[in-house]
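# Geometric and topological summary
Next come the chains, spelled out residue by residue.
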Amino acid sequence: SADLKIVVGAMELSNKKVKEVMTKIEDTFMLSSETILNSITITEIAEKGYTRIPIYEGTDKNKIISLLYVKDLALVNKNANISVATIGNRSRVRIVGENTPLTQMLTEFKRGDYHLAIVKRGELDEESVENGLPIVSFDKEETVNLVESVDKKMEVIGVITLEDILEEILQAEINDE
Ligand code: ADP
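Below is a summary of the structure that appears in this document. (Residues numbered from 1 in each chain as written. Predicted model: local features only at pLDDT ≥ 70, side-chain atom pairs only at ≥ 80, totals over all residues. Heavy atoms only, no water.)

Turning to the overall build of the protein chain, a few remarks are in order. Regarding its fold elements, the protein chain presents 8 helices and 8 strands. Taking all 177 residues of the protein chain together, the buried fraction comes to 42%. Within the protein chain, contacts between residues separated by at least 24 positions form 70% of all contacts whose residues are at least 6 apart in sequence. A total accessible area of about 10,100 Å² is found for the protein chain, and carbon and sulfur atoms account for 49% of it. (Helix = DSSP H or I, 4+ residues; strand = E, 2+ residues; numbered from the N terminus. Buried < 20%, exposed > 50% of the residue type's maximum accessible area, 1.4 Å probe, protein only. Contact = heavy atoms within 4.5 Å. Areas by Shrake-Rupley, 256 points an atom, 1.4 Å probe, with all protein chains shown as cover.)

Encoded structure:
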């Protein structure tokens, strides 16, 4: 039955890792912190249809410094030529290792502190792990420097949201349709 398949899907979560269900980096829509917000770029961003957009510093796609919440674009003066960095800097960025079990990820998302995590190659350094998974607030310049020093060689390989895990749980049923 469909119900049984959902249960099986949920049970299989414990064997699966973040990297298996994430959105890969080449399919992730990100923006440079230097992107200027005007009517053209705002329209482009809105048309992508994503709620949250990772912001990387300058040209370094491995250095995610904040998340842009697309709803915040409503507050932007299109003629002021402000950069994405200006409105993205209050976001919190969660970074997880590619081998984080989906069950752990689901628990984190259910806690509700954040809804999108950045997936990095390899494991997280011990020092950067706080309460199971690190949460990094980029409100302050010092925090950015802290992340750099803890995790210099970080390679971003994708993003994951609750939606990706729910899809995995419902996979058996979706395949059936
Ligand atoms: P949204 O609200 O933006 O649609 P969801 O959390 O519902 O995001 O996730 C839907 C799918 O979109 C998931 O597969 C997720 O990994 C992916 N996703 C979320 N944000 C982005 C983004 N900025 N670029 C590419 N894919 C994304």
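Where a protein is soluble and globular, its nonpolar side chains tend to be buried together. Judged by nonpolar contacts, the single largest core of 16 residues is most densely connected at Val-18, Met-105, Ile-160 and Ile-165. Elements that contribute at least two residues to this core include exactly helix 2 (18-21), helix 5 (102-111), strand 6 (116-120), strand 8 (156-161) and helix 7 (162-169). With 4 residues, the top contributor of residues to this core is helix 5. Not counting residues within four places of it along the chain, the set of residues in contact with Ile-165 comprises Leu-13, Leu-102, Met-105, Leu-106, Phe-109 and Ile-160. Judged by nonpolar contacts, the second largest core, of 14 residues, contains Phe-29, Leu-68, Val-70 and Ile-87. (Core = buried A, V, L, I, M, F, W, Y, C linked by side-chain atoms within 4.5 Å.)

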